[in-house]
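The residues making up each chain are set out below.
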Amino acid sequence: MSLVHAAVLALVLAALPGGFAHAADPAIPAAAATTAATIEQPRSFGHVLGDVLTQRVLLEHHGRPIEPGALPTAARIDLWLERRPARIETDAQGKRWLAVEYQVINAPRALAAISLPALTIATASGPALALPAWPVSIGPLAPVEAFGQGDLQPLRPDRPVAALATYPIEQHLKFSLLALLAVLLAWLAWWAWRNMREAQQLPFAHAWRELKRIDDPASPEAWRVLHRALNRSAGRVVHGASLPQLLADAPYLRPLQPRLEDFYRESTRRFFFAESTAAPAEAQAAYPLKPLCRALRNAEKRHRH
């Protein structure tokens, strides 16, 4: 009786489909069963270096949506292809597709046939999706040898460079230089007019112009010029005793206080003491009258500007 049971069991197992036999194999779990996937394959021809080939796999099994267990990872496949990160897309009909992209990363010397690799995509429930290898052709970037006909030659002559039209540039440069010259002339005219006006209005600038016309800087007229400038600056007659009032009204002259005090002492000695007339001319001429006037003019200009 046991022999009959064994024979019947053998016949039943032989009649069962192969998928069930795989599921019964303890080395392969039931989830490892695969089913052919619905795939939109890329064009098989006309690809070159840099092209991206996309396989789109429908995430459905017998009309029911399925969820992939793990997406294919980005990796270098072989000499020709690199797989990019996979993504899930939804089309206008609401169907979900798994997009797997491959980029051509090398160029053959002649037209060559390669294959997108076969994949098995595990799903969260149900059989895995099987993607078969898909052959495609890739072409070289350029032929090994030129055709040598007409303009299809190995080397082309240098293309002559057309001369740039320089007339507009020259005109623009000319106008720019003229504008710069006009600005410089206007600035120079303004500077001369300002100096002339200051020489007429500012006391020490006016005195400096007059002193430059006097040949003898030790003459009484030269001393009177500087006295008049100090009087105009103060708005009254200034002498040694009233010098502190001038410095209080014109604080920009305070750094020159020692030289001004010395100027009034020397002026008093020259004009009001009889012994000054007997002093040698060389000693009188040694007083730095012009440097003092120039220092007063510079202080006045700094204060004005």
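Please read these numbers as outputs of a predicted model, since none were measured by experiment.

A. Geometry of the overall build of the protein. Of the regular secondary structure elements, the protein holds nine helices and 13 strands. Pairs at least 24 residues apart make up 62% of the contacts formed inside the protein by residues separated by at least 6 positions.

B. Representation of the confidence of the model for the protein within the structure. In this model, the protein carries an average pLDDT of 82, and 84% of its residues clear a pLDDT of 70 or more. Here helix 2 (residues 18-24) is the element of the protein with the lowest mean pLDDT, 32, and strand 7 (residues 81-83) is the one with the highest, 97. Per-residue pLDDT stays below 50 along residues 1-31; that stretch engages in four contacts with residues further than four places along the chain or on separate chains. This stretch, residues 281-285, has a pLDDT under 50; its non-local contacts, to residues over four places away or in other chains, come to seven contacts.

C. Expanded view of helix 7 (residues 257-272). Its 16 residues place the ends of helix 7 22 Å apart at the C-alpha level, agreeing with the 22 Å of an ideal helix rising 1.5 Å per residue. Among all positions in helix 7, only Leu-260, Phe-263, Tyr-264, Glu-266, Ser-267 and Arg-270 are buried.

D. Layout of the pairing of strand 12 (residues 128-131). As paired elements, strand 1 (residues 34-36) and strand 12 share three bridges and run parallel to each other. The partner of Thr-35 across the bridge, within strand 12, is Leu-129. Hairpin connection from strand 11 (residues 119-121) to strand 12: six residues lie between these consecutive antiparallel strands, with Gly-126 at a positive phi of about 100 degrees.

E. Main features of the side chain of Glu-101. Examined against the element boundaries, Glu-101 turns out to sit in strand 9 (residues 96-104). With relative accessibility at 12%, the residue Glu-101 sits in the buried group. One polar contact links Glu-101 to Arg-87, side chain to side chain, over a distance of 2.9 Å. In contact with Glu-101, other than residues within four places in its own chain, are Val-52, Leu-53, Thr-54, Glu-82, Arg-83, Arg-84 and Arg-87.

F. Representation of the sheet that holds strand 11. Taken together, three strands build an open sheet; the order of strands is 1-12-11 and the sheet is mixed. The outermost strands of the open sheet, each flanked by one partner alone, are strand 1 and strand 11. Averaged over all pairs of adjacent strands, the angle between strand axes in this sheet comes to 35 degrees, irrespective of strand direction.

G. Focus on helix 9 (residues 289-304). Look at helix 9: 23 Å from first C-alpha to last across 16 residues, which is about the 22 Å you get at 1.5 Å a residue. Of the residues making up helix 9, those classed as buried are Leu-289, Leu-292, Cys-293, Ala-295, Leu-296, Arg-297, Ala-299 and Glu-300. If you follow the buried residues of helix 9, they end up packed against helix 4 (203-213), helix 5 (220-234) and helix 7.

H. Looking closely at the pattern of salt bridges. Applying the stated criterion to the full structure yields twelve salt bridges. A salt bridge links Glu-40 to Arg-56, with the nearest nitrogen and oxygen atoms 2.6 Å apart. Here the residue Glu-40 occupies a position in strand 2 (residues 39-40), and Arg-56 occupies one in strand 3 (residues 52-58), the gap between them amounting to 16 residues. One salt bridge connects Arg-236 with Asp-249, and the closest N-O pair in it is separated by 3.2 Å. Of this pair, Arg-236 sits in the loop between helix 5 and helix 6 (243-249) while Asp-249 is found in helix 6, placing the two residues 13 residues apart along the sequence.

I. Molecular detail of the packing of helix 5 against helix 7. Between helix 5 and helix 7, the least distance of the axes is 12 Å, while the angle of their chain directions is 135 degrees. Overall, the two elements helix 5 and helix 7 adopt an arrangement that is oblique. Considering only the axes of helix 5 and helix 7, their crossing is left-handed. Counted together, Pro-220, Trp-223, Arg-224, Leu-226, His-227 and Leu-230 of helix 5 and Leu-260, Phe-263, Tyr-264, Glu-266, Ser-267, Arg-270 and Phe-271 of helix 7 form the full contact between these two elements. Taken together, the residues of the contact of helix 5 with helix 7 sort by class into eight nonpolar, two polar and three charged.

J. Representation of the packing of aromatic side chains within the structure. Tallying each qualifying case throughout the model produces three aromatic pairs. Relative to Phe-263, the ring of Trp-223 lies with its centre 5.1 Å away and its plane at 10 degrees, an arrangement referred to as stacked. Note that Trp-223 is positioned in helix 5 and Phe-263 in helix 7, a separation of 40 residues in sequence. Each member of the pair, Trp-223 as well as Phe-263, carries the same accessibility label: buried. With centroids separated by 5.0 Å and ring planes inclined at 40 degrees, the aromatic side chains of Trp-223 and Tyr-287 adopt a geometry described as tilted. One end of the pair, Trp-223, is in helix 5; the other, Tyr-287, is in the loop between helix 8 (281-285) and helix 9, with 64 residues separating them in the sequence. Residue Tyr-287 is classed as buried on the basis of its relative accessible area of 14%.

K. Looking closely at a nonpolar patch on the surface. Nonpolar side chains collect at one region of the surface, where Phe-175, Leu-178, Leu-181, Leu-185, Trp-187, Leu-188, Trp-190, Trp-191, Trp-193 and Met-196 lie side by side and expose about 1100 Å² of accessible area between them. Following the sequence through the fold, Leu-185 ends up in helix 3 (residues 167-201).

Conventions adopted
- Residues numbered from 1 in each chain as written.
- Predicted model: local features only at pLDDT ≥ 70, side-chain atom pairs only at ≥ 80, totals over all residues.
- Heavy atoms only, no water.
- Helix = DSSP H or I, 4+ residues; strand = E, 2+ residues; numbered from the N terminus.
- Contact = heavy atoms within 4.5 Å.
- pLDDT = per-residue confidence, 0-100.
- Expected span 1.5 Å × (residues − 1).
- Buried < 20%, exposed > 50% of the residue type's maximum accessible area, 1.4 Å probe, protein only.
- Pairing = 2+ DSSP bridges.
- Polar contact = N/O pair within 3.5 Å; in protein donor to acceptor, adjacent residues only side chain to side chain.
- Axes fitted to C-alpha atoms, helices over the stretch in contact; angles between N-to-C directions.
- Salt bridge = Lys/Arg side-chain N within 4 Å of Asp/Glu carboxyl O.
- Parallel < 35°, antiparallel > 145°, perpendicular 65-115°, else oblique.
- Left-handed = near helix turned anticlockwise from the far one by under 90°.
- Nonpolar A, V, L, I, M, F, W, Y, C, P; charged D, E, K, R; others polar.
- Phe/Tyr/Trp six-rings, centres within 6.5 Å; stacked < 30°, edge-to-face > 60°.
- Patch = residues over 30% accessible without salt bridge, like charges linked within 9 Å, V, L, I, M, F, W, Y side chains within 5 Å.
- Areas by Shrake-Rupley, 256 points an atom, 1.4 Å probe, with all protein chains shown as cover.

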